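This is what each chain is made of:
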Amino acid sequence: MNLFKQRVADLVQSALANMGAGEDAVGPVLELVEIPPDEKLGDFAVPCFAFARTLRRSPVQIAEEIVAQADRPPWLTHIKAVKGYVNVKLHRGHVAQHVLGDILRAGEAYGSREPNGRTVVIDYSSPNIAKPFSLGHIRSTVIGESLARIFAHQGYRVVRINHLGDWGTQFGRVIGGYVRWADHDRLEKEPIKELFRLYVKFHEEAEKDPALEDEARDWFRRMEEGDPVALALWRRFRELSLLELERTYARLGIRFDDYTGESAYNDVSDIIEKLRALGLLKESQGAQVVELGDDIPPCLITKSDGTTLYATRDIAAAIRRQEQYNFDLAFYVVDSRQSLHFKQVFGVLERMGYEWASGMEHIPFGTLQFGDEIMSTRKGNVIFLEDVLNEAVTRVKQIIAERNPSLKNADEVAEAVGVGAVIFNDLVHNRIKDISFQWEDVLNFDGDTGPYVQYTHARACSVLRRADEQGARPMSDGFDRLEWEDSEMRLVRLLGRFGETVDAAAKGREPSTVARYVLDLAQAFNGFYHSNRILGSERQAERLALTDAVRQVLANGLRLLAMEAPPEM
RNA sequence: GCGCCUAUAGCUCAGAGGAUAGAGCGCCGGCCUCCGGAGCCGGGUGCGCAGGUUCGAUUCCUGCUAGGCGCACCA
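Here the structure is a predicted model, which means the values were calculated and not measured. (Residues numbered from 1 in each chain as written. Chains lettered and ligands numbered in written order. Predicted model: local features only at pLDDT ≥ 70, side-chain atom pairs only at ≥ 80, totals over all residues. Heavy atoms only, no water.)

### Section: the environment of Gln344
Next up, step 1: If you trace the backbone, Gln344 turns up in helix 14 (residues 339-351).
Next up, step 2: Here Gln344 is in contact with Leu292, Ile296, Pro297, Pro298 and Cys299, once residues within four sequence places are set aside.
Next up, step 3: A distance of 3.0 Å separates a polar side-chain atom of Gln344 from the backbone oxygen of Pro297. (Helix = DSSP H or I, 4+ residues; strand = E, 2+ residues; numbered from the N terminus. Contact = heavy atoms within 4.5 Å. Polar contact = N/O pair within 3.5 Å; in protein donor to acceptor, adjacent residues only side chain to side chain.)

Following this line, the structure appears as structure tokens:
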């Protein structure tokens with residue numbers, strides 16, 4: 001639809017020029033073009049209030065003059081001045097031909113852009129290993145993956161990075177717990193759960209006996225110094241955890257390109273040397289810091305005991321990523337509570353003189369809350385992602401058994417729909433808002449949910465399948481020669497907005513824009529479906545084409561959300 | 001104390017300066033021997049408060065109120 005939007009802008013622009021108001025006087029019209037609130041008014045509208053000052057006439061008059069001055073090209077059927085707006089209706093056949101033709105031609109690539117030669121590296125998910133993958137991690141994981149798909153669709157080369165939390169004092173605690181209380185049988189059978197138990201127990205005991213924290217710090221110091229005993233334990237924990245993690249990612253349809261974790265950056269002496277050489281490093285209370293001006297607190301580079309901090313490793317990681325991938329943009333899909341941390345990291349990189357630091361961006365998201373409490377791994381107050389996925393899949397299986405017992409691949413479909421429900425429930429929310437996790441929301445599949453969208457897609461597939469069985473063929477060309485009805489055009493217009501929806505999602509780094517769009521499209525199609533006959537109608541061929549276009553765009557949208565689109569469910 | 005984020009319908013949330021502010025959940029009432037009822041249609045009280053910018057503010061700015069979060073050796 002951008003094509004038509006541009007045409008409308010050009011039309012009005014040249015009408016204004018005829019009236020003696022060139023672009024230098026009134027500015028670009030394109031930015032003003034909008035979609036009227038009521039479709040009866042037209043496809044596009046240009047408000048004329050902004051021209052009133054320079055033209056020294058009322059908006060109502062200006063709109064009328066524009067209408068009088070404007071050309072009447074064949075793609076336009078109606079141009080009218082209403083209360084200071086210029087309202088334009090497009091030739092329905094031209095629009096349908098443009099939109100449906102594009103969808104048919106592009107298929108999976110509909111709504112995408114040509115490769116732009118730019119690279120974006122996206123750091124997301126990045127769980128602490130040796131802790132279970134809790135529900136708290138799902139936001140970063142699904143938002144990051146969706147952004148990866150959206151940016152790939154926008155023509156970027158995307159590098160998916162999982163910056164594993166495989167280093168740090170939490171391993172000191174796990175080792176501390178391991179040497180005291182390990183259940184070796186259980187460690188073999190349920191490694192993650194056992195390691196987690198040790199971690200939680202250690203944390204609880206340390207609240208009673210603060211000396212334990214010193215012991216944990218000591219274990220971590222030994223790791224950093226290369227102590228073979230500490231490292232062997234650490235390596236085992238890491239391997240066990242990674243196996244579990246990869247199984248979960250497989251369920252979510254995610255494959256990372258780079259699993260370089262924090263442990264790769266435990267030697268940051270070169271960074272520290274560079275900071276010192278640049279004169280950025282200052283000593284403060286025994287620690288080394290970089291000062292960042294009056295607005296934000298200094299960034300801590302090393303602790304007083306000489307060990308490194310998260311920020312230091314993030315700085316090292318950023319430099320390595322730039323060297324390895326030569327990125328234009330680097331996203332960090334991380335909890336909004338860490339925004340100060342990223343300001344500090346980016347600030348240090350800028351002060352180090354790295355121009356590419358301007359392409360670094362923290363993509364914050366709100367906290368997932370459970371009831372009134374924030375989920376805290378330390379307190380053991382967590383819900384495991386696997387449990388949520390399993391509950392959702394079980395619920396889907398029940399529904400399939402009730403309503404579609406003859407479905408083939410029922411288990412596979414239940415997995416796609418159950419997992420999709422969980423993903424969608426997260427992505428449909430604006431990412432910056434806090435989400436309160438409710439079982440009844442995740443396990444409800446009516447209304448604005450993933451299964452609703454998938455169901456609509458399956459329904460469209462079902463219609464097309466039946467048509468095929470009857471030998472009915474969708475129309476494939478010549479859409480411009482038809483008279484299109486209101487209800488059909490409503491769908492065509494919506495289909496035509498998919499590309500700009502993906503643009504907006506990319507620009508705002510906001511997957512929920514796509515989630516909202518697929519809901520709108522599903523809703524519009526279901527409305528159409530219930531009030532219009534497709535098969536057996538006089539308009540069967542064009543409505544089948546419309547159905548196929550809806551199927552395609554829903555599938556494309558779901559894919560950008562990292563969801564499956566099963567043809568039956 | 002300083003800083004960041006949030007405030008829209010009973011609840012969960014859309015609305016990135018424009019014409020009567022929209023969905024879903026829940027509640028009530030409907031849906032054709034026919035393409036999938038995880039569906040469709042109907043029913044409504046709302047932009048936290050006060051200023052400002054603008055032809056026009058739910059949207060931008062300032063202040064206030066309320067909630068959440070962060071602020072040196074955790075990540």
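Read on for the rest.
### Regarding the protein's contact with RNA strand B
Next up, step 1: Taken together, 68 residues form the shell around RNA strand B, and within it Arg53, Tyr85, Lys303, Asn430 and Arg459 come nearest.
Next up, step 2: Between RNA strand B and Gln523 there is a distance of 3.4 Å, counted from a sugar or linking oxygen to a side-chain nitrogen or oxygen.
Next up, step 3: Between Tyr529 and RNA strand B, the recorded distance is 2.5 Å, taken from a backbone N or O atom to a base nitrogen.
Next up, step 4: The element that contributes the greatest number of residues to the surface near RNA strand B is helix 18 (residues 450-469), accounting for 8 residues.
Next up, step 5: Here the surface near RNA strand B is built from residues that sort into 30 nonpolar, 19 polar and 19 charged. (Near = heavy atom within 4 Å. Nonpolar A, V, L, I, M, F, W, Y, C, P; charged D, E, K, R; others polar.)

### So, the nonpolar core
Next up, step 1: Of all hydrophobic cores here, the largest spans 147 residues; its most connected members are Phe51, Ile66, Phe151 and Leu495.
Next up, step 2: Counting residues in hydrophobic clusters, the runner-up holds 36 residues, among them Val121, Ile161, Val334 and Val348. (Core = buried A, V, L, I, M, F, W, Y, C linked by side-chain atoms within 4.5 Å. Buried < 20%, exposed > 50% of the residue type's maximum accessible area, 1.4 Å probe, protein only.)

### Digging into the pattern of salt bridges
Next up, step 1: Counted under the stated rule, the structure contains 38 salt bridges.
Next up, step 2: Several salt bridges share partner residues, and in doing so they unite Glu485, Glu488, Arg539, Glu542 and Arg543 into one network. (Salt bridge = Lys/Arg side-chain N within 4 Å of Asp/Glu carboxyl O.)

### Observations regarding the side chain of Gln322
Next up, step 1: Secondary-structure assignment places Gln322 in helix 13 (residues 310-325).
Next up, step 2: Relative accessible area serves as the criterion here: at 12%, Gln322 is assigned to the buried category.
Next up, step 3: Setting aside residues up to four positions removed in sequence, Gln322 forms contacts with Phe327 and Trp356.

### A look at the domain arrangement of chain A
Next up, step 1: Assigned domains within chain A: domain 1 (2-90), domain 2 (168-254) and domain 3 (402-560).
Next up, step 2: Inter-centroid distance (C-alpha atoms) of domain 1 to domain 3 is 34 Å.
Next up, step 3: Facing 4 residues of domain 1, the contacting portion of domain 3 comprises 5 residues.
Next up, step 4: Contact with domain 3 buries surface across domain 1, with Asn2, Ile35 and Glu39 losing the most and accounting together for 78% of the total.
Next up, step 5: Here domain 1 is connected to domain 3 by 3 salt bridges.
Next up, step 6: Here Asp43 and Arg493 are joined by a salt bridge, their closest N and O atoms 2.5 Å apart.
Next up, step 7: Between the two partners, domain 1 and domain 3, sit 2 residue pairs in polar contact (both at pLDDT 80 or more).
Next up, step 8: Per-class residue counts for the side of domain 1 that touches domain 3 are 1 nonpolar, 1 polar and 2 charged. (Domains from an automatic or database assignment. Buried area = accessible area lost by both parts, 1.4 Å probe.)

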